[in-house]
Amino acid sequence: MFALPQKDFSAPTTCLGPACMQDLGSSHGDDREGECSRKLDQKLPELPGVGDSAMLSPDTSYLSSRGRMIKWFWDSAEEGYRTYHMDEYDENKNPSGIINLGVSENKLCFDLLSWRLSQSDMQRVEPSLLQYADWRGHLFLREEVAKFLSFYCKSPAPLRPENVVVLNGGASLFSALATVLCEAGEAFLIPTPYYGAITQHVCLYGNVQLACVYLDSEVTGLDTRPFQLTVEKLEMALREAHSEGVKVKGLILINPQNPLGDIYSPEELQEYLVFAKRHKLHVIVDEVYMLSVFEESAGYRSVLSLERLPDPQRTHVMWATSKDFGMSGLRFGTLYTENQDVATAVASLCRYHGLSGLVQYQMAQLLRDRDWINQVYLRENHARLKAAHTYISEELRALGIPFLSRGAGFFIWVDLRKYLPKATFEEEMLLWRRFLDNKVLLSFGKAFECKEPGWFRFVFSDQAHRLCLGMQRVRQVLAGKSQVAEDPPPSQSQEPSDQCR
């Protein structure tokens, strides 16, 4: 067993001063399961720019074609999550229930958050908070967001509140940006494997596609690590999209990356942005895990820390509290863009994706409380993440299972290819179902558009007893499987020394 570092947080361990504030959070739209269970025998339906509408169910005559597509996404992508919620593990009420190692949520710091959110400075009601506000968000909140991002992103100059828009979570941000940047049927480039729910975020309202930049685990050519993104691969994917008649309007980057945990260096970010400028592409940079880098040696840098953005009018940065503050149920996300046309268009959609004035007040209080964030929350959160990550890593090593991890995020990208009798996504799905039948929910690689069957994402940001029981069930499943006669080549099956902690 492992023990997460714990302290008594019934009160702060240091005097935080009068500015003590809270932790509210937003969601990133989250892993409800584009990731946990996309059915492999169903294809994305091809509506204009999406797929074949003939694939849609014929018994949905009450719905428009768009409505049928939206329902299709729900039906095809929610199986694992629904199964989990019908049989959730509970130490006392349902000890034989399903352990959730599939959804990327931080469940390690509820004690810190509950204490902070219950303080008196979080409770305020005044007329302006109950009335309509600027759809971009109350000015007092946008000012705090700008200061917060300036500090934690280490921007060379103070960021400006007029460039901030506040929405109810990362899913809404993706949806709004796709809608205002692209025509129906146009596309964003996105490196794979990627957080699968983005497919729904950009498609459901905007009818926007994703043009995949397929990466693989084998280190070849000038690559220095598995699944490495390069400008050459971006150029190739862009040419392929154009050859298929798809107009590409932008590039989506997730940094730190989900599900790889990869961190793009400042040099790499600059190269990607220069590529985008060359082709007049927008770049959406999702930095929702930026404060969840628990290994100091990882060297994370925000895109907003660059001295000069190659094309600031086409660079749009997202952040939310769902991951870094473990509050995916609160629904708070923010966009920073210097393009005022984009900011205004997204703000108009905040009529449907805005936050209540009360939540905006609490968020401003939280983001202002630098003492509590630095001295209490981040320090303890990083320690607990590192301890949980170490436990899962050691369990995987003991099983002889290769994996990738860079010390960021809540997950480890695990190579279970040797447990597939045949290298097919059907076999990957069968293995996923065996895990689910054995009461542990994981996310399989196809849900992230990984092109190699057999990769799974293990989420470790949970309490020790649930992780231990979950890994016990994983071992039981794997022990019942005979390995294929020939393992993958060493370059693919060994843990890269700079990626495994």
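Residues numbered from 1 in each chain as written. Predicted model: local features only at pLDDT ≥ 70, side-chain atom pairs only at ≥ 80, totals over all residues. Heavy atoms only, no water.

The protein chain appears in an unreviewed UniProt entry as 1-aminocyclopropane-1-carboxylate synthase-like protein 1 from Theropithecus gelada. Note on the protein chain: under the UniProt heading Sequence similarities (unreviewed entry), the record states "Belongs to the class-I pyridoxal-phosphate-dependent aminotransferase family." We quote the UniProt Function (unreviewed entry) comment for the protein chain here in full: "Does not catalyze the synthesis of 1-aminocyclopropane-1-carboxylate but is capable of catalyzing the deamination of L-vinylglycine." (UniProt positions renumbered as here; feature names shortened; annotations may be inferred.)

Undergrad: Would you mind showing me how to read the overall build of the protein chain here?
TA: Along the backbone of the protein chain there are 15 helices and 13 strands. The buried share among the 501 residues of the protein chain stands at 61%. Long-range contacts, defined here as pairs at least 24 residues apart, represent 79% of the contacts in the protein chain between residues at least 6 apart. Accessible area of the protein chain: about 20000 Å², with a carbon and sulfur share of 51%. (Helix = DSSP H or I, 4+ residues; strand = E, 2+ residues; numbered from the N terminus. Buried < 20%, exposed > 50% of the residue type's maximum accessible area, 1.4 Å probe, protein only. Contact = heavy atoms within 4.5 Å. Areas by Shrake-Rupley, 256 points an atom, 1.4 Å probe, with all protein chains shown as cover.)

Undergrad: Would you take a moment to explain helix 3 (residues 110-117) for this structure?
TA: Residues lying three or four places apart along an α-helix face the same way, a consequence of the helix completing one turn every 3.6 residues. Those residues of helix 3 that sit buried are Leu 112, Leu 113, Trp 115 and Arg 116. In a view along the axis of helix 3, the buried residues occupy a sector of 165°, so they form one face of it. In this structure, the buried side of helix 3 is in contact with helix 12 (370-398). (Arc of directions from axis to C-beta.)

Undergrad: Can you help me understand a nonpolar patch on the surface in this one?
TA: Residues Val 125, Leu 130 and Leu 358 make up a contiguous nonpolar surface patch of roughly 290 Å² in combined accessible area. Tracing the backbone through its elements, the reader meets Val 125 in the loop between helix 3 and helix 4 (139-152). (Patch = residues over 30% accessible without salt bridge, like charges linked within 9 Å, V, L, I, M, F, W, Y side chains within 5 Å. Salt bridge = Lys/Arg side-chain N within 4 Å of Asp/Glu carboxyl O.)

Undergrad: Help me out: how do you make sense of the confidence of the model for the protein chain in this one?
TA: Here the protein chain averages 86 in pLDDT, while 83% of its residues score no lower than 70. Confidence drops under a pLDDT of 50 for residues 5-54, and excluding neighbours within four residues, the segment shows 203 contacts in the predicted structure. Taken as a whole, residues 481-501 scores under 50 in pLDDT and shows 51 contacts with residues more than four places along the chain or in a different chain. (pLDDT = per-residue confidence, 0-100.)

Undergrad: Please explain the packing of aromatic side chains as it appears in this structure.
TA: Two measures describe an aromatic ring pair: the distance that separates the ring centres and the angle between the ring planes. The full count for this structure, using the stated rule, is 20 aromatic pairs. Considering the side-chain rings of Trp 432 and Phe 444, the 5.5 Å spacing of their centres and the 70° angle between planes classify their relative orientation as edge-to-face. Residue Trp 432 is located in helix 13 (residues 425-437), and its partner Phe 444 is located in strand 12 (residues 443-444); the two are separated by 12 residues in the primary sequence. Neither Trp 432 nor Phe 444 differs from the other in exposure class; each is buried. Connected via pairs of aromatic rings, a cluster forms that spans Phe 148, Phe 151, Tyr 152, Trp 319, Phe 325, Trp 372 and Tyr 377. Across from the ring centre of Phe 425, 4.8 Å away, lies the NZ or CZ of Lys 446, which sits over that ring. (Phe/Tyr/Trp six-rings, centres within 6.5 Å; stacked < 30°, edge-to-face > 60°. Lys NZ or Arg CZ within 6 Å of the ring centre and 35° of its normal.)

Undergrad: Would you mind going over the nonpolar core with me for this structure?
TA: The tendency in soluble globular proteins is for nonpolar side chains to be buried as a group. Counting residues in hydrophobic clusters, the biggest one holds 118 residues, and the most contacted among them are Phe 148, Leu 189, Phe 325, Trp 372, Leu 416 and Phe 435. Here the element with the most residues in this core is helix 12; it accounts for 10 residues. Within the second largest apolar cluster, 29 residues are counted, among which are Tyr 195, Ile 198, Ile 252 and Ile 284. (Core = buried A, V, L, I, M, F, W, Y, C linked by side-chain atoms within 4.5 Å.)

Undergrad: When you look at the sheet that holds strand 7 (residues 315-320) in this model, what are you seeing that I'm missing?
TA: Adjacent strands of a sheet pair through backbone hydrogen bonds, lying either parallel or antiparallel. Strand order in the open sheet made by the seven strands is 2-8-7-6-5-3-4, with mixed pairing throughout. Here the strands that pair on one side only, and so sit at the sheet edges, are strand 2 (164-167) and strand 4 (209-214). Strand-to-strand twist across the sheet, computed as the mean angle between neighbouring axes with direction ignored, equals 25°. Direction of pairing for strand 5 (residues 248-254) relative to strand 6 (residues 282-286): parallel, over a ladder of five bridges. Opposite Ile 252, over in strand 6, you have Ile 284 as the bridge partner. Contacts between helix 8 (residues 266-278) and the sheet are confined to strand 3 (187-192), strand 5, strand 6 and strand 7, with strand 5 contributing the most and set at about 170° to the helix. Lying over the sheet, helix 10 (residues 340-353) contacts strand 2, strand 7 and strand 8 (333-337), oriented at roughly 20° with respect to strand 2. (Pairing = 2+ DSSP bridges. Axes fitted to C-alpha atoms, helices over the stretch in contact; angles between N-to-C directions.)

Undergrad: I'm lost on the pairing of strand 10 (residues 411-415) in this one. Help?
TA: Successive side chains on a regular strand alternate, one facing one side of the sheet and the next facing the other. Of all five residues in strand 10, five are buried; the element is thus mostly enclosed. Taking every second residue as pointing to the same face, both faces of strand 10 are buried, with Phe 411, Trp 413 and Asp 415 on one and Ile 412 and Val 414 on the other. Where strand 9 (residues 403-404) and strand 10 come together, two bridges link them in antiparallel fashion. The partner of Leu 404 across the bridge, within strand 10, is Trp 413. Following strand 9, the chain reverses through six residues before pairing antiparallel with strand 10; Gly 407 in that reversal takes a positive phi of roughly 80°.

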